[in-house]
Amino acid sequence: MSQASLSPTNDFKMNTATATGTRLDDPANGVTRRTGGEDGGVVKKTDQLNGNSNTETTISTPEKPKRSYRSRKYRHVEAIHSESQPSCLSHDTTETPSFLGFRNLMVIVLVVGNLRLVIENIQKYGVLICLNCHDFRPTDLQIGIFLYFLIPCHLFLAYFIELVAAHSARSSLFPKPKPSPSGTSSPTEAQLSKFQSTWTLIWIFHALNITTCLVLTTYVVWYHVHHPLIGTLSEVHAIIVWLKTASYAFTNRDLRHAYLHPVTGELDALPELYRECPYPNNITFTNLVYFWWAPTLIYQPVYPRTSKIRWVFVAKRLGEVVCLSVFIWFCSAQYATPVLINSLDKIASLDYFSIIERLLKLSTISLVIWLAGFFALFQSFLNALAEITRFGDRSFYEAWWNSEGLGMYWRTWNKPVYQFFRRHVYSPMRSRGYTHKTASFAVFFLSAVLHELLVGVPTHNLIGVAFLGMFLQLPLIQITQPLEKRKSSSGKLLGNTIFWVSFTIFGQPFAALMYFYAWQAKYGSVSRQQQHQSVQAVCPAPH
């Protein structure tokens, strides 16, 4: 150890620098001085190489103060219960807890439970998928293709009817009636009488046209199409054309009246959008063809349109349609069909507890198939069709799964049909003085008839289940309607629960079970079993 380090002078300087927070350092290339206490300070570095005295100043980071001994001493006396607060799931809690974990748990339980059913189904029945095991008769395919091209002809007949009516409207304006000072011409009694007589004649032709379309298709499907799928597609096509033709006739009727008698109130009632294609300029073949392919049942001379077609979007949506169609076919053949077949003897023997058990078992797979079909039709197919036709309004459905009652469900899950009945049935009846209940009765009665035609005719069994299932929605709507108006969450929860129970258990599964049994009783195993029993009754076996 050197003598300088033991010097009292050096020791005094070191102690003084430590006490005042000043450190002296002499590196090879200069002198660094730090000033300040424990809270930090300024670092000054002076370069003394070659006689230079450049000074660089930096600010040091303050050191974190050490925790005092007093703050760590009394840990066992910390006030844990310092305020009044309710339990997390209590009704008087101030903040609603999140149930995200329970939702994840329900999804896991649902997946695990259905995976067990999948394994059980494979072990019990094996793989039931068979590409060649179909029952498509050649005549069914030929008739189905023939109906596919025949049904739209009735829509074109409606175009020719409206073309004649538009020509008559143009000719009736010459000589033009003398307008009033406001630029309008109110119809006289004679003009109203002539318009009503003309409309009655046009209405008769339209009624004969669309009734022939629906009756002819129903007759051919009932007597000449055996396969239910081909019959259902043909019947759906006929009903769509029937609804489109009715909308085409009613809309042009009002436009023609406004064209012949431009009363101020009626002119103001016409939408601003219609001025782009006023009557009778809309009565063209191109306009009708667009309405034929547009994903809507409501006729308008003009629709909101998009600027271009996104073909990648179209390809994605059509891919979803194909994949979901295969999924529906797989679920129907592998899971739904065994449950339906195993239910036949229970229905025949009226074993009610077994019927309820089969109904609950069928409800799961039927709900999965229905949800896949809903997404394939309303989200994938209609969006692809809307993109191809550049149809702008794509609100085909709303959040019906959150329905707080049956009425909200029927207003939101299938908006094209709902909009048709509201525009052409409910609103006209209300404007003519009918009550809400009477107009709603008419809407659901007509809808129930169409549902029975849609299900009963392809299955060759008009047993009225689809009609009653649709028509009996009226009392259920009346029951759940007060729950929709409640502001409390409990009322809305109860209404949504009633909707799902009636939808998943007492709705589609029961209807599928009844129509499948009726089909088998007429064409399948139940029919053969009944014929065998009748033969044994007539010709008993010898003893």
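Note that this is a predicted model, so its numbers are computed, not measured. (Residues numbered from 1 in each chain as written. Predicted model: local features only at pLDDT ≥ 70, side-chain atom pairs only at ≥ 80, totals over all residues. Heavy atoms only, no water.)

S.K.: Looking at this structure, I do not really get the overall build of the protein. What am I missing?
M.R.: Secondary structure assignment for the protein yields 18 helices and four strands. When the 543 residues of the protein are sorted by exposure, 35% land in the buried category. On the protein, roughly 34,500 Å² of surface is accessible, and the fraction owed to carbon and sulfur atoms is 64%. (Helix = DSSP H or I, 4+ residues; strand = E, 2+ residues; numbered from the N terminus. Buried < 20%, exposed > 50% of the residue type's maximum accessible area, 1.4 Å probe, protein only. Areas by Shrake-Rupley, 256 points an atom, 1.4 Å probe, with all protein chains shown as cover.)

S.K.: Would you take a moment to explain the pattern of salt bridges for this structure?
M.R.: Oppositely charged side chains are able to pair whenever their charged atoms sit close together. Counted by the stated rule, this structure contains nine salt bridges. When the shortest N-O distance is used, the salt bridge between Asp254 and Arg253 registers 3.0 Å. Of the charged contacts in the structure, one is a salt bridge between Arg275 and Glu272, with a shortest N-O distance of 3.5 Å. Assigned by exposure class, Arg275 and Glu272 land together as exposed. The network of salt bridges with common partners includes Arg310, Glu387 and Arg394. (Salt bridge = Lys/Arg side-chain N within 4 Å of Asp/Glu carboxyl O.)

S.K.: What exactly am I supposed to notice about the side chain of Ser247 here?
M.R.: Relative to the assigned elements, Ser247 resides in helix H5 (residues 228-260). Once residues lying within four places of it in the same chain are set aside, the contact partners of Ser247 are Leu297, Ile298, Tyr299, Phe420, Arg423 and His424. (Contact = heavy atoms within 4.5 Å.)

S.K.: How should I be thinking about unusual backbone geometry in this particular structure?
M.R.: A negative phi holds for most residues other than glycine; trans holds for most peptide bonds. The peptide bond linking Tyr279 to Pro280 adopts the cis configuration, its omega dihedral lying at 5°. Considering the arrangement of structural elements, one finds Pro280 in the loop between helix H6 (264-269) and helix H7 (285-293). Non-glycine residue Leu350 carries a positive phi angle of around 55°.

S.K.: In this structure, what is going on with the UniProt feature "transmembrane region" (unreviewed entry) in the protein? I would like to understand it.
M.R.: Mapped onto this structure's residue numbering, the UniProt feature "transmembrane region" (unreviewed entry) falls at residues 145-166, 201-223, 318-336, 367-386, 439-457 and 493-518. In residues 201-223, the share of helix is 100% and the share of strand is 0%. The end C-alpha atoms are 33 Å apart. Annotated as residues 367-386, this span is 100% helix and 0% strand, and its ends, taken at the C-alpha atoms, are 27 Å apart. (UniProt positions renumbered as here; feature names shortened; annotations may be inferred.)

S.K.: Can you walk me through a nonpolar patch on the surface in this structure?
M.R.: Taken together, the side chains of Leu89, Phe99, Phe102, Leu105, Met106 and Val109 present a nonpolar region at the surface, about 660 Å² in accessible area. A relative accessible area of 45% means that Leu105 is categorised as partly exposed. (Patch = residues over 30% accessible without salt bridge, like charges linked within 9 Å, V, L, I, M, F, W, Y side chains within 5 Å.)

S.K.: Would you take a moment to explain the side chain of Glu404 for this structure?
M.R.: With respect to the secondary-structure elements, Glu404 resides in the loop between helix H10 (352-389) and helix H11 (406-412). For Glu404, a relative accessible area of 18% translates into the label buried. Those residues in contact with Glu404, other than ones at most four positions away along the chain, are Thr480, Leu483, Glu484, Lys492, Gly495 and Asn496.

S.K.: How do you make sense of helix H16 (residues 489-504) when you look at a structure like this?
M.R.: A turn of α-helix holds 3.6 residues, and therefore any two residues three or four places apart point the same way. Compared with an ideal rise of 1.5 Å per residue, which puts 16 residues at 22 Å, H16 spans 22 Å between its outermost C-alpha atoms and is within 8% of the ideal. If you follow the buried residues of H16, they end up packed against H10, H11, helix H15 (473-485) and helix H17 (508-523). (Expected span 1.5 Å × (residues − 1).)

S.K.: When you look at the state of the cysteines in this model, what are you seeing that I'm missing?
M.R.: Applying the stated criterion across every chain yields a total of zero disulfides. Of all cysteine sulfurs, the one in Cys213 lies closest to Cys153, which takes part in no disulfide; the gap is 9.5 Å. What makes Cys153 partly exposed here is its relative accessible area of 37%. (Disulfide = S-S within 2.5 Å.)

S.K.: How should I be thinking about the packing of aromatic side chains in this particular structure?
M.R.: In this description, a pair of aromatic rings is defined by centroid distance and the angle of the planes. In this structure the tally under the stated criterion is 43 aromatic pairs. When the centroid spacing of 5.3 Å and the interplanar angle of 55° are considered together, the rings of Tyr159 and Phe160 count as tilted. By relative accessible area, which is 9% here, Tyr159 ends up buried. Judged by relative accessible area, Phe160 falls into the partly exposed class, the value being 47%. Taking the centre distance of 4.9 Å and the plane angle of 35° together, the rings of Tyr409 and Phe499 count as tilted. (Phe/Tyr/Trp six-rings, centres within 6.5 Å; stacked < 30°, edge-to-face > 60°.)

S.K.: Just to check I follow, could you spell out the nonpolar core for this structure?
M.R.: Nonpolar side chains in soluble globular proteins tend to be buried together. Among the nonpolar cores identified, the biggest contains 67 residues, and Tyr248, Tyr409, Trp410 and Trp413 are the most heavily contacted of them. Here the element with the most residues in this core is H5; it accounts for ten residues. Residues within four places of Tyr248 in sequence aside, it is in contact with Ala158, Tyr159, Glu162, Ile283, Leu288, Phe291 and Tyr299. (Core = buried A, V, L, I, M, F, W, Y, C linked by side-chain atoms within 4.5 Å.)

S.K.: Help me out: how do you make sense of the packing of H5 against helix H12 (residues 415-431) in this one?
M.R.: When two helices pack together, you describe them by how their axes are tilted relative to each other and by the distance separating the axes. As a packed pair, H5 and H12 sit with axes 11 Å apart at the nearest point and diverge in direction by 40°. As the angle between them shows, H5 and H12 are arranged oblique. As H5 runs across H12, the sense of the crossing is left-handed. Between H5, through Leu243, Ala246, Ser247, Phe250 and Thr251, and H12, the contact on the second element is made entirely by Phe420, Arg423 and His424. A per-class count over the contact of H5 with H12 returns four nonpolar, three polar and one charged. (Axes fitted to C-alpha atoms, helices over the stretch in contact; angles between N-to-C directions. Parallel < 35°, antiparallel > 145°, perpendicular 65-115°, else oblique. Left-handed = near helix turned anticlockwise from the far one by under 90°. Nonpolar A, V, L, I, M, F, W, Y, C, P; charged D, E, K, R; others polar.)

S.K.: Would you mind showing me how to read the packing of helix H8 (residues 311-342) against H10 here?
M.R.: Following both chains from N to C, one finds H8 and H10 inclined at 160°, their axes separated by 9 Å at the closest point. Judged by the inter-axis angle, H8 sits roughly antiparallel to H10. Read as a crossing pair, H8 and H10 show a hand that is left-handed. Split into classes, the residues belonging to the contact of H8 with H10 amount to 23 nonpolar, six polar and five charged.

S.K.: Any chance you could explain the confidence of the model for the protein here in plain terms?
M.R.: Should pLDDT be low for a region, the predicted coordinates there are not to be read in detail. Per-residue confidence for the protein gives a mean pLDDT of 80, with 77% of residues at or over 70. Below a pLDDT of 50 lies the segment residues 42-46, which in the model reaches 31 contacts outside its immediate sequence neighbourhood of four places, other chains included. (pLDDT = per-residue confidence, 0-100.)

S.K.: Would you mind showing me how to read helix H2 (residues 100-125) here?
M.R.: With 26 residues, H2 ought to run about 38 Å at 1.5 Å a step, and its terminal C-alpha atoms sit 37 Å apart, in line with that. Where H2 terminates, the next one or two residues include Gly126, which has phi positive at roughly 75°.

S.K.: So what exactly am I meant to see when it comes to the environment of Tyr515 here?
M.R.: Checked against the element boundaries, Tyr515 lands in helix H17. Given a relative accessible area of 5%, Tyr515 falls into the buried group. Along the primary structure Tyr515 and Thr459 are separated by 56 residues, whereas in three dimensions their C-alpha atoms are 7.2 Å apart. Sequence-distant contacts of Tyr515, defined by excluding residues within four places in its chain, comprise Glu452, Val455, Gly456, Thr459, Asn461, Ile463, Gly464, Val465 and Ala466. At 3.5 Å, the side chain of Tyr515 forms a polar contact with the backbone nitrogen of Val465. Of note is the side chain of Tyr515, whose polar atom sits 3.0 Å from the backbone nitrogen of Ala466. (Polar contact = N/O pair within 3.5 Å; in protein donor to acceptor, adjacent residues only side chain to side chain.)

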